[in-house]
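# A look at the structure
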Amino acid sequence: MAEFLQFAFSGLTVGAIYALIALGFTLIYNASDVINFAQGEFVMVSGMTAVFAAAAGIPLPLAALLAIVVTVLFGILLHRLAIEPARGASPVTLIIITIGASILMRGLAAVFFDKNFHSLPPLAGDTPLNLGGAAILPQSIIVLIGTGIIVTALWLFLNRTLMGKAMLATAANRLAARLVGIDTSAVIGISFVVSALIGAIGGLLATPITLTNYAIGTLLALKGFAAAMLGGMGSPIGAVAGGLLLGLLEAFGAGYLSSQYKDAIAFIVILAVLFAMPQGLFGRASIERV
Amino acid sequence: MLSVENLTSRYGRIEVLHGVSFNVAEGEIVTLVGSNGAGKTTLLRAISGVQPTTGGTISFSGESIGGLKAHKRVARGMAQVPEGRQVFAPLTVDDNLRLGAVTRRDDGIATDLENIYTTFPVLAEKRHLQAGALSGGQQQMLAIGRALMAKPKLVLLDEPSMGLAPILVEQIFAIIADFKKRGLTVLLVEQNAYAALAIADRGYVIETGRITISGTGRALLEDPRVRAAYLGL
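Residues numbered from 1 in each chain as written. Chains lettered and ligands numbered in written order. Predicted model: local features only at pLDDT ≥ 70, side-chain atom pairs only at ≥ 80, totals over all residues. Heavy atoms only, no water.

## What about a nonpolar patch on the surface?
As a reminder, the rule being used: Like-charged residues within 9 Å of one another, or nonpolar side chains (Val, Leu, Ile, Met, Phe, Trp, Tyr) within 5 Å, are grouped into patches, provided each residue has over 30% relative accessible area and no salt bridge. Throughout, the Shrake-Rupley method with a 1.4 Å probe supplies accessible areas, and for residues the shown protein chains are the sole cover considered. In what follows, salt bridge is the name for a side-chain nitrogen of Lys or Arg lying within 4 Å of a carboxyl oxygen of Asp or Glu. Here a helix means four or more residues in a row that DSSP labels H or I, a strand means two or more in a row labelled E, and each is numbered from the N terminus.
Together, Ile58(A), Leu62(A), Leu65(A), Leu66(A) and Val69(A) make up an exposed nonpolar region whose accessible area comes to about 420 Å². The topology assignment puts Leu62(A) in helix α3 (residues 60–83).

Structure (structure tokens):
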């Protein structure tokens, strides 16, 4: 039982990070049909910036703020310099552009920072709590609470503000959105800002547990993508559920089967979803009534 | 109010509008009739700024708007009720209407919303339901209400009667005829030529991307070519 709880908790913690990345995918996908493969790099840039700013003597809260600002700036630049000029190109072209941008960001991080693994000090110390025999890091609880806050804030933004509703409307029917006067390029821009913001906070929450280095984004993006597929591409609830589920599958797979196959589980999930239920758990089957 | 000169537009390499010219004066109901594929929807989308044009000019209230993005044109006072209604299906009726006013910054939005609910009581009953759950006729009313929420001077309607039961078609055309009394200018695109010409001040016939016949609504109803081709008489 203690073992089960231990796996469950570590699965939920990692799953929360996957959920945040999947949410980033979902927001940009809904606004533009683009799957932004630089989403994992947002997490990396944020973690690395915070680590190096803290090492340079900047107090941790300020370093975290700086990391968020830098990451959001990357999101804005990615939209302005890479996505906006290619407006009207097919989503596949834009997706390839985001892969290019992710390689560039990885390269910049390797040059500006370094290629080593780094960590941030956990917010609430590193004495594990004992819960039913399982040892739980306080940072795990902070990750879960932080994710909960982000998901709630995002829900309120989407459902309680006109801007958020304009984003939902753009996702639901892009032609109608343009005809009622929603500036759909601005909506895409905002989706990049919000996704970068979510990625940045995810990076700050995760780095004390998962560590960070310049190349961590690729695998994170793939895991987040698997989570978004599992939940149903385009569904925010699906992204969260898919992320947590993928985290749990990985933790139980690594715990009860073999830890060597941990990273393979995300890819098995992608294949299984594509074969068995391409619309995912919460996605709409794309049937159009004519 | 609206003047279109020599407008051309293409899908890829295929030109679908070959130099369309027409105008709509303030307070008029003008209708464009034509068969499937004549370019009616393309023309309305080009006017609204969601279909790129390759030549010609569009001016609205005396100013050229050809280079403006779609949302800027809505802000200038032009709203479209698109073909096939295109409501925001997962959003509530209320949110659909509020998004119709997304370009407005004045404080009359709440009053206008109540006016829409008075005009369309069925929408008031279902204001908290998802728009996708409405029937076709109710969705059409929602699409019209959403366009009115932009407080437009000119309303563009694309096939508002498509796919509706005859009694609803009658209701929709009565609503459009009523726009005139509210001081709205209307450009109506229809395959239902008889009903459209009956309420229109003037009309144009569009055939394969060109205007071929124009005249008052009454004159077109009596024109032998129109009667043969579009009225089945």
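That was the structure; now back to the text.
## Comments concerning the environment of Asp158(B)
The cut-off we apply is this: The contact criterion used is simple: two residues touch if any of their non-hydrogen atoms lie within 4.5 Å.
Looking at the element boundaries, Asp158(B) is found in strand β7 (residues 154–158). Ignoring anything within four residues of it in the chain, the contact list for Asp158(B) reads Thr41(B), Leu44(B), Gln80(B), Val81(B), Pro82(B), Glu83(B) and Val189(B).

## Comments concerning the nonpolar core
Using the following cut-off: We define the nonpolar core as a collection of buried residues of types Ala, Val, Leu, Ile, Met, Phe, Trp, Tyr and Cys that are connected through side-chain atoms lying within 4.5 Å of one another. Type-normalised accessible area, obtained with a 1.4 Å probe on protein chains alone, sets the label of each residue: buried when under 20%, exposed when over 50%, and partly exposed for intermediate values.
Counting residues in each nonpolar core, the largest one holds 70 residues, and the members touching the most others are Phe25(A), Ile182(A), Phe225(A), Leu246(A), Phe88(B) and Leu99(B). Per-element accounting of this core gives the leading share, 11 residues, to helix α1 (residues 2–32) of chain A. Dropping the residues within four chain positions of it, Phe25(A) is found in contact with Ile35(A), Asn36(A), Phe37(A), Gln39(A), Ala221(A), Gly224(A), Phe225(A), Ala228(A) and Met233(A). Counting residues in hydrophobic clusters, the runner-up holds 38 residues, among them Ile29(B), Ala79(B), Phe173(B) and Ile176(B).

## A closer look at the confidence of the model for chain A
The criterion, for reference: Think of pLDDT as the predictor's per-residue confidence, scored from 0 to 100.
For chain A, per-residue confidence averages 91 on the pLDDT scale, and 98% of positions sit at 70 or higher. In this model residues 286–290 of chain A is a low-confidence stretch, pLDDT under 50, and it forms 0 contacts with partners more than four residues away in sequence or in other chains.

## Considerations on the pairing of strand β9 (residues 202–207) of chain B
All names here are of chain B. Note the threshold: Pairing between strands requires that DSSP locate at least two bridges from one strand to the other.
Here 4 bridges tie strand β3 (residues 29–33) to β9, and the two strands are oriented parallel to one another. Bridge pairing links leucine 32 to tyrosine 204 in β9. Bridge count for β9 against strand β10 (residues 210–216) is 6 bridges, and the pairing is antiparallel. In the sheet register, arginine 202 faces β10, and the bridge partner there is threonine 216. As consecutive antiparallel partners, β9 and β10 are separated by 2 residues, and within that stretch threonine 208 has a phi angle of approximately 35°, a positive value.

## Overview of the interface of chain A and chain B
Rules: As used in this structure description, the phrase polar contact means that two N or O atoms lie within 3.5 Å; if the pair is within protein, one of them must be able to donate a hydrogen and the other to accept it, and residues adjacent in sequence are counted only when both atoms belong to side chains. Amino acids are sorted into nonpolar (Ala, Val, Leu, Ile, Met, Phe, Trp, Tyr, Cys and Pro), charged (Asp, Glu, Lys and Arg) and polar (every other residue, Gly among them).
The interface of chain A with chain B comprises 18 residues on the first partner and 22 residues on the second. Along the contact surface separating chain A from chain B lie 1 salt bridge. Salt-bridge contacts for Lys165(A) lead to Asp95(B); the nearest nitrogen and oxygen are separated by 2.8 Å. Across the chain A-chain B interface, the total number found is 4 residue pairs in polar contact (both at pLDDT 80 or more). A class-by-class count of the residues in the side of chain A that touches chain B yields 11 nonpolar, 3 polar and 4 charged.

## Structural notes on the sheet that holds strand β6 (residues 78–81) of chain B
Residues and elements named next belong to chain B. This is how it is decided: Only the stretch in contact is used when a helix axis is fitted, and all axes are lines through C-alpha atoms; the angle between N-to-C directions ranges over 0 to 180 degrees.
One open sheet accounts for 6 strands, arranged β6-β7-β8-β3-β9-β10; its pairing is mixed. Both outer strands of the open sheet, β6 and β10, are each paired with one neighbouring strand and no more. Ignoring which end each strand starts from, the neighbouring axes of this sheet average 15° apart. On the sheet, helix α7 (residues 166–179) packs against β3, β7 and β8 (185–190) and is oriented at approximately 150° with respect to β8.

## Things to note about the sheet that holds strand β1 (residues 2–11) of chain B
Residue and element names in this part refer to chain B. The strand order across the open sheet formed by 4 strands is β2-β1-β4-β5, and the pairing between neighbours is antiparallel. The sheet terminates laterally at β2 (14–24) and β5 (63–64), the two strands that pair on one side only. Pairing of β1 with β2, which is carried by 8 bridges, proceeds in the antiparallel orientation. Looking across to β2, one finds that arginine 10 is bridged to glutamate 15.

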